Amino acid sequence: MGSLPRPIFFLSDFGTKDWYVASVKSKIISISPNSYIVDVTHEIEPFNILQGAFVLYNLSKDLSSESVILGVVDPGVGTSRRGIVIETSKGNYYVGPDNGLLYPASSSEGISRAFHILESGDESKTFHARDLFAPVSALLSYGEIPANLREISPEELKKLEIPDAVISEKTCVAKILHSDRFGNLITNVRDWSLETEEEVELLTSKGEKLVVRFLETYGEARDREIIILRGSSGFLEISIKEGNAREITGLVPGEEVVLRRRKK
Amino acid sequence: MGSLPRPIFFLSDFGTKDWYVASVKSKIISISPNSYIVDVTHEIEPFNILQGAFVLYNLSKDLSSESVILGVVDPGVGTSRRGIVIETSKGNYYVGPDNGLLYPASSSEGISRAFHILESGDESKTFHARDLFAPVSALLSYGEIPANLREISPEELKKLEIPDAVISEKTCVAKILHSDRFGNLITNVRDWSLETEEEVELLTSKGEKLVVRFLETYGEARDREIIILRGSSGFLEISIKEGNAREITGLVPGEEVVLRRRKK
Amino acid sequence: MGSLPRPIFFLSDFGTKDWYVASVKSKIISISPNSYIVDVTHEIEPFNILQGAFVLYNLSKDLSSESVILGVVDPGVGTSRRGIVIETSKGNYYVGPDNGLLYPASSSEGISRAFHILESGDESKTFHARDLFAPVSALLSYGEIPANLREISPEELKKLEIPDAVISEKTCVAKILHSDRFGNLITNVRDWSLETEEEVELLTSKGEKLVVRFLETYGEARDREIIILRGSSGFLEISIKEGNAREITGLVPGEEVVLRRRKK
């Protein structure tokens, strides 16, 4: 890529009906007019830090070149919460508020350095994305370390962990982390190996029991069959062929489910 | 445009709340960092191949320079359905699954060559947009023919036809193909000439009859008047001035209507 | 920025489910392939000129470099309403229909010159964004004055004013202008100074009375407390910490509220 600026991946809970996203981009391109800005999503549920963190965590697996990630879900904007930059071993910069949003993605890449962003005092109290994070992201994209960064110990960062599944050979106590646009229910189960077409009991917190098959593709399922498969990000997902598993099962993010092998 | 890469027009049913669109773009710009990626829409109804095909068909009339069109509505991802590239006489490349999605647009431009995309076996079974179609699109944008294309006969392509209206001098048996954001009901009637202010009877499949005028612009209609006009893509549309024809008529895509001239 | 083309900020009521936005962009990049196109929003309520004008007005405060602003909310497309270009003292070009949409933003920047866009007669009657405004925007972005502009007096422009609040020392008669994605209710009150934590009575048109505090940040509020603060665009906003003020108060854009100081 030679001297091209790094792409900036921008996630927020700003929605797309107001001028907020464009105001941030205007600031970025006034400083670094050749930076490629990629919208991740601006439809994070307002103030839902965990949801934003999970989306960034999954995206980080797919970042193919050195990138700047600007993440803003920021209910504490203007208070004492700090703005931060996290540099990772993979060579990415994460920019945003120090409220855990950036932690799962950056710590899974390996945190090499962390910085507080010093405020000048001229920033709006309600729109740091425009006044503080956009200029920092633009300079980092351009390859320049902003003058208002002060290195801190990564230990000082606000932590947020994606909850682990409790896994034994026969059973998994799992959590639904996310439901995507298709209604696929993405769990926190990564390292539980299943054989193709193996049957699994799925027990919900409401006491319901479903028997589902583990398959490799949506297409192999029977019409309307509830299945489990390994999604593109490596987590097990509860899905329905050409249907919406969230609507049909009633399961929602945050809910626990137990998975249990049926074979002896 | 000199040696600029071709723009990539990207349509999918991925929605915009997850990381999927950004993951595809990250892969593209890691290979071809100067390609202009234009989002067509990611709000195609999940798995609705016909809807996606209709949007691409209309877009293709408006593509003003040599382009790559990446279309992904792909319920069969990971199964035996093939990935394809279609080159058209107009100089565009269509990239996506061989399920009909790309057929109406590319065949209306004239198919000059068609290719299967060979899989390496390393692709995710559930996210070919990222692992297979993005790299192919990036290389084509850059002007390079990917090594994993194998030419096939266009006859082998899965076909999908936009249904024709049955047109006589006095009557049209038409189908509602699409309702747009404004609620305009776009039919499959192209070649039926009407005079400005000519009155037409519109018979619905529920037996209702409306008398509507053919006008050239929304603005000429009376307030709340249901009218017919020729939309920007050349099809007749049922519309209401500053109103939502879908909501007010109850007509939906897929439904048949009969249009009949009133003048003798 | 040297000889880089100006960025084009694009606002419309086209939505993002059809091909309309991509058709406009295709036309722009066929003429000016290096122009940065920034989507402001395409979710302006269909035909709601005032809403579009308010979003552009707020955006204009945040435009950091010389820009082209393409705004299309255009119920009169194809009728006698004219297409216009407005050049502002700040160095921006506004392009779109002459229906007031562009007026609040451009007049707040200072109008230096205004132009009618001459039609060739070949344009679609229903899609001037693609056929008329896109080419003009692309040329202006590129730094060229299109040949089909005819200068007019700014007095000829269709005017639209954002209604002023009626302000006295003790009382404000205000209007809700906009509710954003978070449910913040943005009023038309700019120049009414309040002290931090000062209490204000808020009287609704339904006769309800709330006592609310003026704070500087969302984070300082108590959970679920209704507050007033100065938003990022300088207007007073009615907000709730991590909640949706529109849903909880029932207030909607267009409604009047009276604000009254409580301290003596």
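Residues numbered from 1 in each chain as written. Chains lettered and ligands numbered in written order. Predicted model: local features only at pLDDT ≥ 70, side-chain atom pairs only at ≥ 80, totals over all residues. Heavy atoms only, no water.

Overview of the relation of the copies chain A and chain C
Stage number 1. The transformation that overlays chain A on chain C combines an axial shift of 0.0 Å with a rotation of 120 degrees, and the residual RMSD is 0.0 Å. Here the symmetry operator amounts to a three-fold rotation axis.
Stage number 2. By residue overlap, the copies meet through two different surfaces: only 6% of the interface positions of chain A are interface positions in chain C. (Least-squares fit on C-alpha atoms with pLDDT ≥ 70 in both. Contact = heavy atoms within 4.5 Å.)

Section: the domain arrangement of chain A
Residues and elements named next belong to chain A.
Stage number 1. Structurally, chain A comprises domain 1 (8-156) and domain 2 (166-261).
Stage number 2. Taken over C-alpha atoms, the centre of domain 1 sits 32 Å from the centre of domain 2.
Stage number 3. The partner domain 2 presents 6 residues to the 6 residues of domain 1 that form the contact.
Stage number 4. Considering only the surface of domain 1 that becomes buried against domain 2, F54, Y57 and N58 emerge as the three largest contributors, covering 75% of it.
Stage number 5. If you look at where domain 1 meets domain 2, you find 0 salt bridges. (Domains from an automatic or database assignment. Buried area = accessible area lost by both parts, 1.4 Å probe. Salt bridge = Lys/Arg side-chain N within 4 Å of Asp/Glu carboxyl O.)

Notes on the interface of chain A and chain C
Interface size is commonly expressed as the accessible area that is lost once the parts come together.
Stage number 1. Contact residues are listed per partner, giving 35 residues for chain A and 36 residues for chain C.
Stage number 2. The junction of chain A with chain C conceals about 3,000 Å² of combined surface from both sides, 60% of it contributed by carbon and sulfur atoms.
Stage number 3. Taken together, chain A and chain C are joined by 2 salt bridges.
Stage number 4. The salt bridge involving E216 of chain C is made with K125 of chain A; its shortest N-O contact spans 3.9 Å.
Stage number 5. Taken together, the links from chain A to chain C amount to 17 residue pairs in polar contact (both at pLDDT 80 or more).
Stage number 6. Broken down by element, the residue count for the side of chain A that touches chain C peaks at 8 residues, all from helix α1 (residues 20-31) of chain A. (Polar contact = N/O pair within 3.5 Å; in protein donor to acceptor, adjacent residues only side chain to side chain. Helix = DSSP H or I, 4+ residues; strand = E, 2+ residues; numbered from the N terminus.)

As for the environment of G91 of chain B
Residues and elements named next belong to chain B.
Stage number 1. Here G91 shows up in the loop between β4 (83-88) and β5 (93-97).
Stage number 2. In this structure, the C-alpha to C-alpha distance between G91 and G110, residues 19 residues apart in sequence, is 9.6 Å.
Stage number 3. If near-sequence neighbours (up to four positions away) are discounted, G91 is found in contact with R6, E66 and S67.

What to know about the sheet that holds strand β5 (residues 93-97) of chain A
Residues and elements named next belong to chain A.
Stage number 1. Pairing within the open sheet is mixed, and its 7 strands lie in the order β2-β1-β3-β5-β4-β6-β7. With one partner strand each, in any of the chains shown, β2 (37-41) and β7 (149-152) form the two edges of the open sheet. Going from strand to strand, the sheet's axes swing by 25 degrees on average, the running direction of each strand aside.
Stage number 2. Two strands pair when backbone bridges link them, and strand β1 (residues 8-12) and strand β3 (residues 68-72) are joined in this way by 5 bridges, in the parallel orientation. (Pairing = 2+ DSSP bridges. Axes fitted to C-alpha atoms, helices over the stretch in contact; angles between N-to-C directions.)

Re the side chain of S35 of chain B
Stage number 1. Within the secondary structure layout, S35 of chain B lies in the loop between α1 (20-31) and β2 (37-41).
Stage number 2. At 2.5 Å, the side chain of S35 of chain B and the side chain of S141 of chain B are in polar contact.
Stage number 3. Residue contacts for S35 of chain B: discarding those within four places in its chain leaves Y36 of chain A together with P5, R6, I8 and S141 of chain B.

Structural notes on the packing of α1 of chain B against helix α4 (residues 128-142) of chain B
All names here are of chain B.
Stage number 1. Where α1 contacts α4, the two axes come as close as 8 Å, and the packing angle between them is 40 degrees. The element α1 and its partner α4 pack so that their crossing is right-handed. Contact residues: S23, V24, K27, I28 and I31 in α1; A129, R130, D131, A134, P135, A138 and L139 in α4.
Stage number 2. Class assignment for the residues of the contact of α1 with α4 results in 8 nonpolar, 1 polar and 3 charged. (Left-handed = near helix turned anticlockwise from the far one by under 90°. Nonpolar A, V, L, I, M, F, W, Y, C, P; charged D, E, K, R; others polar.)

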